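Next come the chains, spelled out residue by residue.
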Amino acid sequence: MLQKHLSDLEEVNLKDLIIQTGFFTTKDSYLPSSLTLKGCMDCLNYNLDVKVNKQVHSTKWRSDSSVPIGLWTVTNAIKNMSK
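Report on the accompanying structure. The shown structure was predicted, so the numbers you read here are calculated from the model rather than taken from an experiment.

Calculation notes
Residues numbered from 1 in each chain as written. Predicted model: local features only at pLDDT ≥ 70, side-chain atom pairs only at ≥ 80, totals over all residues. Heavy atoms only, no water. Salt bridge = Lys/Arg side-chain N within 4 Å of Asp/Glu carboxyl O. Buried < 20%, exposed > 50% of the residue type's maximum accessible area, 1.4 Å probe, protein only. Axes fitted to C-alpha atoms, helices over the stretch in contact; angles between N-to-C directions. Helix = DSSP H or I, 4+ residues; strand = E, 2+ residues; numbered from the N terminus. Parallel < 35°, antiparallel > 145°, perpendicular 65-115°, else oblique. Left-handed = near helix turned anticlockwise from the far one by under 90°. Contact = heavy atoms within 4.5 Å. Nonpolar A, V, L, I, M, F, W, Y, C, P; charged D, E, K, R; others polar. Pairing = 2+ DSSP bridges. Expected span 1.5 Å × (residues − 1).

### A short note on the pattern of salt bridges
Under the defined criterion, the tally for this structure stands at 3 salt bridges. Between aspartate 64 and arginine 62 there is a salt bridge, with the nearest N and O atoms lying 2.6 Å from each other. Overall, the relative accessible area of 4% leaves arginine 62 in the buried class.

Shown next as structure tokens:
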């Protein structure tokens, strides 16, 4: 696994984005019902664990799940920071 250390500004911006998008109020799981779990051969599974100050939250979803746009916003921001 590749790790990149964030600058202080990147870290502050990411924390602000996580809070602004309401990540800490999302559900723990956005996985589809068990009836549709086996029907997707090209799906990706996502898991995002975040700790900001003393708040900790984890959520998981699949690429074909209906999730709050904030999860994709945070995920894409992290992907862009890792480049």
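### Describing the packing of helix α1 (residues 8–20) against helix α2 (residues 69–81)
At a minimum axis separation of 10 Å, α1 and α2 run at an interaxial angle of 165°. The angle between α1 and α2 places the two elements in the roughly antiparallel class. The element α1 and its partner α2 pack so that their crossing is left-handed. Across the interface between the two elements, Glu10, Leu14, Leu17 and Ile18 from α1 touch Thr73, Val74, Ala77, Ile78 and Met81 from α2. Looking at the contact of α1 with α2, its residues break down into 7 nonpolar, 1 polar and 1 charged.

### Some thoughts on the pairing of strand β3 (residues 55–62)
Here 2 bridges tie strand β1 (residues 29–30) to β3, and the two strands are oriented parallel to one another. Its bridge partner being in β3, serine 29 is matched across the sheet by lysine 60. Where strand β2 (residues 45–52) and β3 come together, 8 bridges link them in antiparallel fashion. Note that in β3 the partner of valine 52 across the bridge is glutamine 55. Joining the antiparallel neighbours β2 and β3 is a turn of 2 residues, in which asparagine 53 adopts a positive phi near 55°.

### As for the environment of cysteine 43
As for its placement among the helices and strands, cysteine 43 is situated in the loop between β1 and β2. The spacing of cysteine 43 and arginine 62 is 19 residues in sequence and 6.5 Å in space, taken between C-alpha atoms. Ignoring sequence-local partners within four residues, the contact set of cysteine 43 consists of Arg62, Ser63 and Asp64.

### A few points about α1
Counting along an α-helix, one turn takes 3.6 residues, and residues three or four places apart therefore face a common direction. Relative to the 18 Å expected for 13 residues at 1.5 Å per residue, α1 spans 18 Å between its end C-alpha atoms, a close match to the ideal helical length. Positive phi appears at glycine 22, one or two residues downstream of α1, with a value of about 80°.

### A few points about the sheet that holds β3
Two pairing modes exist for strands in a sheet, parallel and antiparallel, and in both the strands are linked by backbone hydrogen bonds. A sheet is described by the order of its strands in space; here 3 strands give the open sequence β1-β3-β2, paired in mixed fashion. Each edge of the open sheet carries a strand with a single partner, namely β1 and β2. Sheet strands in contact with α2 are β1, β2 and β3, and its direction is about 85° off that of β2.

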